[in-house]
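# Notes for the structure review
As a plain string of letters, each chain reads:
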Amino acid sequence: RMTNIYIRSYLGAHISYDIRSALYNALLNQSPMFYAKRATGEVTSRLNNDVKAVQYLASQALFELTATFLQIFVSLGFLFYLSWKVASVILGLTVLMYVFVSINMSYHKKLRKSISERWGKLLGFLQEVISNIRIVKAFCAEKREETRHLQKSRQIIIDNIRMGIVVRMFWVIGTLFGNLIFVSSIVFGVYLISRGEVTVGLIFA
């Protein structure tokens, strides 16, 4: 267990370092026009958030996905060995679940991108206001800047609420189809038992 944790941490740290260094070097070589079109906060936000996402993928998600796919293939092989009919029902419902989950994750991806972009723009706005705070105060524009901040923050709040709903829907879909697969396999198994095609022990297995 400790070896697994060390390997994950080691890979995550080194991969994120390499990517951060590559991005930093790429930013140094960008033209002035590139920075003219983007706020500084937006660039630093993407540099930080995107690297964190890749670090998680390298240190956690990759190992979890590998273990999950291995478990899926072994389980499917065992199921088809026991009864290809019951296995076909389970596989068909699993594919259907995958379709619903894919739609959910596609929306999740769009929201993540939207939130990342809005955070970048908000950080750029905050940096601009703070760096020009004397001008803001000179023109008594505090209220105006506060209103602009609320407008930019409000959409982030809405997107975060949507994100929370989408994430919870992922677990709802998984639980719903998990129960549906279990019940359907039992019902179909009872039908096969009544026809004498399989045994009770096989269905339990």
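Calculation criteria
- Residues numbered from 1 in each chain as written.
- Predicted model: local features only at pLDDT ≥ 70, side-chain atom pairs only at ≥ 80, totals over all residues.
- Heavy atoms only, no water.
- pLDDT = per-residue confidence, 0-100.
- Helix = DSSP H or I, 4+ residues; strand = E, 2+ residues; numbered from the N terminus.
- Phe/Tyr/Trp six-rings, centres within 6.5 Å; stacked < 30°, edge-to-face > 60°.
- Buried < 20%, exposed > 50% of the residue type's maximum accessible area, 1.4 Å probe, protein only.
- Contact = heavy atoms within 4.5 Å.
- Patch = residues over 30% accessible without salt bridge, like charges linked within 9 Å, V, L, I, M, F, W, Y side chains within 5 Å.
- Areas by Shrake-Rupley, 256 points an atom, 1.4 Å probe, with all protein chains shown as cover.
- Salt bridge = Lys/Arg side-chain N within 4 Å of Asp/Glu carboxyl O.

## Let's talk about the confidence of the model for the protein chain
Averaged over all residues, the pLDDT of the protein chain is 82; the fraction at 70 or higher stands at 88%. Per-element averaging of pLDDT across the protein chain places helix 1 (residues 2-28) at the bottom with 74 and helix 6 (residues 142-194) at the top with 88.

## Comments concerning the packing of aromatic side chains
To describe a pair of aromatic rings, you give the distance between the ring centres and the angle between the ring planes. If you walk through the whole model with that rule in mind, you get 3 aromatic pairs. Aromatic side chains F100 and F177 sit 5.6 Å apart centroid to centroid with 40° between the ring planes, which places their arrangement in the tilted category. With a gap of 77 residues between them, F100 in helix 4 (residues 84-131) and F177 in helix 6 connect regions that are remote in the sequence. Where F170 meets W171, the ring centres are 5.2 Å apart and the plane angle is 85°; that geometry is what we call edge-to-face. Classification of F170 as partly exposed rests on a relative accessible area of 28%.

## A closer look at the side chain of S153
Its place among the elements puts S153 in helix 6. Overall, the relative accessible area of 15% leaves S153 in the buried class.

## A closer look at the environment of R20
Along the chain, R20 turns up in helix 1. A relative accessible area of 32% places R20 in the partly exposed class. Sequence-wise, R20 and D50 are 30 residues apart; in three dimensions their C-alpha atoms are separated by 9.3 Å. Not counting residues up to four positions away in its chain, the partners in contact with R20 are L47, N48 and V51.

## Examining a nonpolar patch on the surface
On the surface, a nonpolar cluster with roughly 900 Å² of combined accessible area is contributed by F80, W84, L91, V95, L96, Y98, V99, F100 and I103. No other element matches helix 4, which puts 8 residues into the nonpolar patch. By the element assignment, W84 lies in helix 4.

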